[in-house]
Number of protein chains: 2
Amino acid sequence: MAKDDVKNSKASNSTAKSGGKKKEVKKETGLGLTNKKDDNFGEWYSEVVVNGEMIEYYDISGCYILRPWTMAIWEIMQAFFDAEIKKMKIKNCYFPVFVSPSVLEKEKDHIEGFAPEVAWVTKSGKNDLEVPIAIRPTSETVMYPYYSKWIRGHRDLPLKLNQWCNVVRWEFSNPTPFIRSREFLWQEGHTAFATKDEADEEVLQILELYRRIYEEFLAIPVVKGKKSELEKFAGGLYTTSVEAFIPNTGRGIQGATSHCLGQNFAKMFEINFENDKGEKGMVWQNSWAYSTRTIGVMVMVHGDDKGLVLPPKVASVQVIVVPVPYKDADTQAIFDACSSTVKLLNENGFRAEADLRDNYSPGWKYSHWEMKGVPLRIEIGPKDMANNQVRVVCRDNSSKVDIPTSNLVEQVKDIVDNIQQRLYDAAKQKRDACIKVANTWEEFAAALNEKKLILALGVMKRKSKRM
Amino acid sequence: MAKDDVKNSKASNSTAKSGGKKKEVKKETGLGLTNKKDDNFGEWYSEVVVNGEMIEYYDISGCYILRPWTMAIWEIMQAFFDAEIKKMKIKNCYFPVFVSPSVLEKEKDHIEGFAPEVAWVTKSGKNDLEVPIAIRPTSETVMYPYYSKWIRGHRDLPLKLNQWCNVVRWEFSNPTPFIRSREFLWQEGHTAFATKDEADEEVLQILELYRRIYEEFLAIPVVKGKKSELEKFAGGLYTTSVEAFIPNTGRGIQGATSHCLGQNFAKMFEINFENDKGEKGMVWQNSWAYSTRTIGVMVMVHGDDKGLVLPPKVASVQVIVVPVPYKDADTQAIFDACSSTVKLLNENGFRAEADLRDNYSPGWKYSHWEMKGVPLRIEIGPKDMANNQVRVVCRDNSSKVDIPTSNLVEQVKDIVDNIQQRLYDAAKQKRDACIKVANTWEEFAAALNEKKLILALGVMKRKSKRM
């Protein structure tokens, strides 16, 4: 990718001098993608996350730079989720990134699941550490010794903590931006209850929040489900997840997981409490997480051959306003109209910007903002000025419509809402079209070849770790 | 500390069963601090951050658990600062936690400053890495190779990025919670400009935001200043900082720093651009950061022998409402009055909670919330009910006043504002009382012995690294 990447930067540089006619600019910028989504999906994905300015490849394999275009999406989802869990009286904390081996290895099944991917710090400066120290792949073993210290009586329960942090899993199998990276950002919730019923209930409450992130924010339909014994979280009792579907690979992808850990960790870490009758009990625990993987799934599901397609609810720029000057028309008036349109939209709660750069042609700007996936483009030219209208173009289906400036806000609201809904419907339609029920192994094998989403039991093998 | 710590947990456990009279409770809970701030400041600090439930000591030396009571303060400051820098068009991003040695060592002065404290990852699972990989102590060398790639023409400038993240500096000199820890949370801003004037201007804009964090939020007076050549940031051009003062140590403490890096890193990392005349130029860069150290300074400045003292602006609980049932009084009515008081205050924008636990005496609750530093306590008992009033007690000066429920909100607002102001004034008075002007070395030495804050030049020695 570094190659594409440099090419891309060089290009935008060259145009910095060119400007000029659309075709010429397009040619010089090399804005379009060299790969087609349906022809070579993997290459298309690697190219679109870079050209869309979400990711920059890093000089350490499996690590990626999350650019502002990505972080804005992450922060919008974070604001929603963080507020929801605070309503549930879950509090944020921050535990260290380092784990001592003795603690890490306390829960055998758990460590077995993670051991091969654990990164170890063995030196500081020129000195060897007395004992190597692990970087958290997840924080059960980091946190639970302190749960054991903090929880004494039933009045200390429930204990409900969450943290927003980075974790490291030194994967070697083909790293992929967002989807499989050696470091990623996530939230991890860790809760302890007096009874299994409370734990069971929370598992599903959290799973519902994950569903909402995918369906309401990312416009991606998901299936809630319970993982098989083989795939459940290492050391847990049972694992629930939201599963999305990537039509181009014909595969389901784990979107986020909400685990009931049962009392297994409580036993290992001696997290006991005394109930109101003075009897000793062991806590029931959950852990749950969603990561920056969500953003990769969004790109894979909605993106097209022109670039990213961002759902309006998570787009940091929902509306891009582009002036379309023409020969002897009053350019300044057009630019002013663009600015006041942005002002009006911002005042009405939209995230809108104008691209008033004078060194890029309108055509170049169209391609640029299409690559970045901005849901709605507003074009303002002399003709629009004359007719008190603006030209509105939807990123998802390229539909164009002229709307009178008189009720711009109402119309834009409808159009933006429709885009969000259309993206969801389209994704759902594609997924449902791929669902195939398999009753026999033969049917299953056949469906697999057709890249279908198969309704069958116990067919998945990968042991689930990514919480 | 682990000792204090365990004692503390055990204690609160035992009270879970005791309850009962204030004195008895106090004795059993060991709520009070065993160390006095003015007698043995260091032990007092270690004890108050634990008993105030801000910090839990961790099994890896120099690493600390930030409990919800701490994170709430961090998030309040973060919400302010993040909004302010977004107004300045600075965008958030996230760069990897790992740095390859070749890049880390590119800027010699810089790496010299950090090398001894860099933590190195050398293994993943059971395998040795081909090259050891460093964990970021700060991100100049992580980011700037990509600035070189992204910045081509003058239209790519300014480039203004920030990230909220963890960094690691494996310090061995007496680790202290918040103040000197091996991992800490911070924001780090990294900006690049076409001209030195723009860079100089931003350095001071950011420094002003740091002043506001200390003075407006943490109620701590600071002095803005420029560091000496000896103390400036390793590899930078000049370093500005806000300096706070800890009366008990008689020392200034660096609160946050805003560096102008000049063109030094630009040279090393070849961050060049072409200006509007087509001439090649090198960018001017800044980097700036504040960390969780801010919270430690707050504890040191405001805390007292009863525990933490939180400024209302950063306290996650500004008002704690405690019911004071009495013999045959209508307990339920009192509890209801507490709940409705909390509801009223929350509706009016205060962060208020009621402590309705039935297993702790009012006296125990007073001590508990004093230890946690809640600025305002409201007591509601039968007499208050009868007189349509509540008893209000200020944490900072223990002043008590009965206020009529009729204009509770207005009064509470005034009182809370006064507490914030009083904390600042008291801190400023203590600091100013310690300022001494030294004209000669003899005067300087004498003043130092008297734990004075000395106005003199070039007296500090420690090389500044903590951005």
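First, a word on scope: everything that follows refers to the structure included in this document. A quick note: this is a predicted structure, and the numbers were derived from the prediction, not measured.

1. Brief notes about unusual backbone geometry
Residue and element names in this part refer to chain A. A cis geometry characterises the amide bond from Leu 157 onward to Pro 158, with omega recorded as -10°. Positionally, Pro 158 belongs in the loop between α7 (140-150) and β7 (159-168). Within the chain, Asn 388 stands out as a residue other than glycine whose phi angle is a positive 50°. Here Asn 388 lies in the loop between α13 (382-386) and β18 (389-394).

2. Observations regarding the relation of the copies chain B and chain A
At an RMSD of 0.0 Å, chain B and chain A line up after a rotation of 180° and a shift of 0.0 Å along the axis. These values place the two chain copies in the arrangement generated by a two-fold rotation axis. No C-alpha of chain B lies nearer the rotation axis than that of Val 121 of chain B, which sits 2.1 Å from it. By residue overlap, the copies meet face to face through one surface: 100% of the interface positions of chain B are interface positions in chain A.

3. So, the sheet that holds strand β4 (residues 98-99) of chain B
The strand order across the open sheet formed by 6 strands is β4(A)-β6(A)-β5(A)-β5(B)-β6(B)-β4(B), and the pairing between neighbours is antiparallel. Every interior strand has two partners, whereas the edge strands, β4 (98-99) of chain A together with β4 of chain B, have only one. The pairing of strand β5 (residues 119-124) of chain A with strand β5 (residues 119-124) of chain B spans 5 bridges and is classified as antiparallel. Opposite Trp 120 of chain A, over in β5 of chain B, you have Lys 123 of chain B as the bridge partner.

4. Here's the deal with the state of the cysteines
All names here are of chain B. Scanning the model with the defined rule gives 0 disulfides over all chains in all. Free of any disulfide, Cys 165 has its nearest cysteine sulfur in Cys 93, 8.9 Å distant. On the basis of relative accessibility, which here comes to 6%, the residue Cys 165 falls in the buried class.

5. A short note on the pattern of salt bridges
The full count for this structure, using the stated rule, is 62 salt bridges over all chains. Note that Asp 358 of chain B and Arg 155 of chain A form a salt bridge whose closest N and O atoms lie 3.3 Å from each other. Separated into two different chains, Asp 358 of chain B in the loop between β16 (352-354) and α12 (362-371) and Arg 155 of chain A in the loop between α7 and β7 make up a pair that spans both. Two residues, Lys 365 of chain B and Asp 355 of chain B, come together in a salt bridge whose shortest N-O distance is 3.8 Å. Note that Lys 365 of chain B is positioned in helix α12 and Asp 355 of chain B in the loop between β16 and α12, a separation of 10 residues in sequence. Pair check on accessibility: Lys 365 of chain B and Asp 355 of chain B agree, each one buried. Linked by salt bridges that have partners in common, Glu 208, Arg 211, Arg 212, Glu 215, Glu 216 and Lys 224 of chain A make up one network.

6. Overview of the environment of Ser 316 of chain B
All names here are of chain B. Within the fold, Ser 316 resides in the loop between α10 (293-302) and β15 (319-323). The partly exposed category is assigned to Ser 316, whose relative accessible area is 21%. Taking the C-alpha atoms as reference points, Ser 316 and Asn 92, 224 residues apart in sequence, are found 25 Å from one another. Excluding its chain neighbours within four sequence positions, the residues that come into contact with Ser 316 are Trp 69, Ala 72 and Arg 351.

7. Regarding the packing of helix α3 (residues 41-51) of chain B against α10 of chain B
Residues and elements named next belong to chain B. Direction vectors running N to C along α3 and α10 enclose 115°, while the axes themselves pass 11 Å from each other. Between α3 and α10 lies a crossing of right-handed hand. On α10, the residues that touch Phe 41, Trp 44, Tyr 45, Val 48 and Val 49 of α3 are Gly 296, Val 299 and Met 300. For the contact of α3 with α10, the per-class residue count stands at 7 nonpolar, 1 polar and no charged.

8. What to know about the packing of aromatic side chains
Evaluation of the coordinates by the stated rule reveals 48 aromatic pairs over all chains. The interplanar angle of 10° and the centroid separation of 5.5 Å between the aromatic rings of Phe 81 of chain A and Tyr 210 of chain A together place this pair among those described as stacked. Of this pair, Phe 81 of chain A sits in helix α4 (residues 68-87) while Tyr 210 of chain A sits in helix α8 (residues 196-217); the two residues are 129 residues apart in sequence, bridging distant segments of the chain. A residue is classified by how much of its surface remains accessible, and Phe 81 of chain A, at 0% relative accessible area, is buried. A centroid spacing of 6.1 Å and a plane angle of 85° characterise the contact between Trp 74 of chain B and Trp 164 of chain B, whose relative ring orientation is edge-to-face. Of this pair, Trp 74 of chain B sits in helix α4 (residues 68-87) while Trp 164 of chain B sits in strand β7 (residues 159-168), and the two are 90 residues apart along the sequence. Among the residues examined, Trp 74 of chain B registers a relative accessible area of 3% and is labelled buried. When its relative accessible area of 18% is taken as the criterion, Trp 164 of chain B is described as buried. Taken together, the aromatic side chains of Tyr 58 of chain A together with Phe 95, Tyr 144, Tyr 146, Tyr 147, Trp 150, Phe 265 and Phe 269 of chain B make up a single cluster linked through ring pairs. Stacked on the ring of Trp 69 of chain A, the Lys or Arg Lys 372 of chain A has its end atom at 4.1 Å from the ring centre. Positioned above the aromatic ring of Tyr 366 of chain A is the side chain of Arg 377 of chain A, whose terminal nitrogen or guanidinium carbon lies 4.0 Å from the ring centre.

9. Description of the nonpolar core
Membership of the largest hydrophobic core comes to 220 residues, with the highest contact counts inside it found for Phe 98 and Tyr 147 of chain A together with Phe 98 of chain B. Those residues in contact with Phe 98 of chain B, other than ones at most four positions away along the chain, are Tyr 58, Ile 60, Cys 63, Ile 135, Val 168 and Trp 170 of chain A together with Val 121, Ile 133, Ala 134 and Ile 135 of chain B.

10. Observations concerning the packing of helix α11 (residues 331-347) of chain A against helix α14 (residues 408-433) of chain A
All names here are of chain A. The geometry of α11 relative to α14 is characterised by a closest axis approach of 10 Å and an angle of 70° between their N-to-C directions. One element, α11, and the other, α14, form an angle in the roughly perpendicular class. Judged by the sense of rotation from one axis to the other, the crossing of α11 with α14 is right-handed. Contacts between α11 and α14 involve Thr 341, Leu 344 and Leu 345 from the first element and Leu 408, Val 409 and Val 412 from the second. Partitioning the contact of α11 with α14 into residue classes produces 5 nonpolar, 1 polar and no charged.

11. Focus: the interface of chain B and chain A
Taken together, the contact between chain B and chain A spans 63 residues of the former and 63 residues of the latter. In total, about 5300 Å² of surface goes out of reach between chain B and chain A, with carbon and sulfur atoms giving 59% of it. Taken together, chain B and chain A are joined by 6 salt bridges. A salt bridge links Lys 86 of chain A to Glu 75 of chain B, with the nearest nitrogen and oxygen atoms 2.7 Å apart.

Basis of the calculations
Residues numbered from 1 in each chain as written. Chains lettered and ligands numbered in written order. Predicted model: local features only at pLDDT ≥ 70, side-chain atom pairs only at ≥ 80, totals over all residues. Heavy atoms only, no water. Helix = DSSP H or I, 4+ residues; strand = E, 2+ residues; numbered from the N terminus. Least-squares fit on C-alpha atoms with pLDDT ≥ 70 in both. Contact = heavy atoms within 4.5 Å. Pairing = 2+ DSSP bridges. Disulfide = S-S within 2.5 Å. Buried < 20%, exposed > 50% of the residue type's maximum accessible area, 1.4 Å probe, protein only. Salt bridge = Lys/Arg side-chain N within 4 Å of Asp/Glu carboxyl O. Axes fitted to C-alpha atoms, helices over the stretch in contact; angles between N-to-C directions. Left-handed = near helix turned anticlockwise from the far one by under 90°. Nonpolar A, V, L, I, M, F, W, Y, C, P; charged D, E, K, R; others polar. Phe/Tyr/Trp six-rings, centres within 6.5 Å; stacked < 30°, edge-to-face > 60°. Lys NZ or Arg CZ within 6 Å of the ring centre and 35° of its normal. Core = buried A, V, L, I, M, F, W, Y, C linked by side-chain atoms within 4.5 Å. Parallel < 35°, antiparallel > 145°, perpendicular 65-115°, else oblique. Buried area = accessible area lost by both parts, 1.4 Å probe.

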